[in-house]
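Secondary and tertiary structure notes
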Amino acid sequence: MSDDVPLYTSAYAGFDVRNQVRQATYGDDIGQSGWLTSNELDRFAEWLNLSGDSRLLDVGCGSGGPALRLAETTSARIVGIDRLKEGTATATRLAEERGLADRAEFMQVDAGRRLPFADQGFDAVLSIDVMCHLPNRLDILREWQRVTAPGGRILFTDPTIVTGLVTATELEARSSIGTYVFSAETNNEKLLIEAGFELVRCDDLTENMAAMAGRWHDARARFRDDLVPDEGERTFEGIQRFLAASHLLAREGRLSRYAYLALR
């Protein structure tokens, strides 16, 4: 859509003032640009049983911060994919600068299409807050099933679970960043089973989404004078509306975020 606000392109475009915004938002800044915290990521690594022998596919890797953190802490071999070249270019540069290029590779790939990987090539798949942007969810899960080895695990978070009454205006603010797919509480569980996975756990992470959205909004407001010349007034205000709506809906429990862990 031509009216979409380029949140992710803006986030990946530079690391000057955004370092300060992320520090104020997350505390432990690992280069993320969503609702993820470092504590969550450490927990996800445990759920996926990541080790030095693991082959991990990170779907929607962004600028590579979480993937590089996992490469450092678990020694897993990681392939990160994202459709935005701004993200994968930054991730590749950071991997080289941190001496992790032998364990972390980043590719510009549209995760909504067939993946350019062999069958059963990965032990685990991780996708953080990306599934909500992908309309053909069942096809995507079947593709993850194809590239995951038997006994492997997949984990994804979905921050657009409708758990209360939401107005059209609120949904419009939440959808201004790009394509968003909102779903009922049990939909992901049904699709995982239909795609051939066994659901292991489903955890409510809405509290983190509310906290990160509020802190991100306030941090950006403090650095408004630095961000507007770079992003433009329209993008800045659009992102602020998105974050304010995300914070309100999550805080009131009307839009929720869940993590799903499933076994191949």
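The following refers to the structure shown. (Residues numbered from 1 in each chain as written. Predicted model: local features only at pLDDT ≥ 70, side-chain atom pairs only at ≥ 80, totals over all residues. Heavy atoms only, no water.)

Here we take up the nonpolar core. Ranked by internal contacts, the top residues of the largest apolar core, which has 29 residues, are Phe44, Leu48, Leu56, Leu70, Phe106 and Leu126. For this core, the elements supplying multiple residues, two or more each, are helix H3 (38-47), helix H4 (65-74), helix H5 (85-97), strand E3 (104-108), strand E4 (122-127) and strand E7 (255-263). Residues contacting Leu56, with those up to four places away along its chain left out, are Leu48, Leu50, Leu70, Arg77, Ile78, Val79, Phe122, Ala124, Val125 and Leu126. Core analysis: the second largest hydrophobic core is formed by 28 residues, Leu138, Trp144, Leu191 and Tyr258 among them. (Core = buried A, V, L, I, M, F, W, Y, C linked by side-chain atoms within 4.5 Å. Buried < 20%, exposed > 50% of the residue type's maximum accessible area, 1.4 Å probe, protein only. Helix = DSSP H or I, 4+ residues; strand = E, 2+ residues; numbered from the N terminus. Contact = heavy atoms within 4.5 Å.)

So, about the sheet that holds strand E6 (residues 198-204). Strand order in the open sheet made by the seven strands is E3-E2-E1-E4-E5-E7-E6, with mixed pairing throughout. Since the sheet does not close on itself, it has two edges, and those belong to E3 and E6, each with one partner. Averaged over all pairs of adjacent strands, the angle between strand axes in this sheet comes to 15°, irrespective of strand direction. As paired elements, strand E1 (residues 55-59) and E4 share three bridges and run parallel to each other. From the neighbouring strand, Leu56 faces E4, where its bridge partner is Ala124. Strands strand E5 (148-162), E6 and E7 of the sheet are contacted by helix H9 (residues 206-222), whose axis makes an angle of about 130° with E7. (Pairing = 2+ DSSP bridges. Axes fitted to C-alpha atoms, helices over the stretch in contact; angles between N-to-C directions.)

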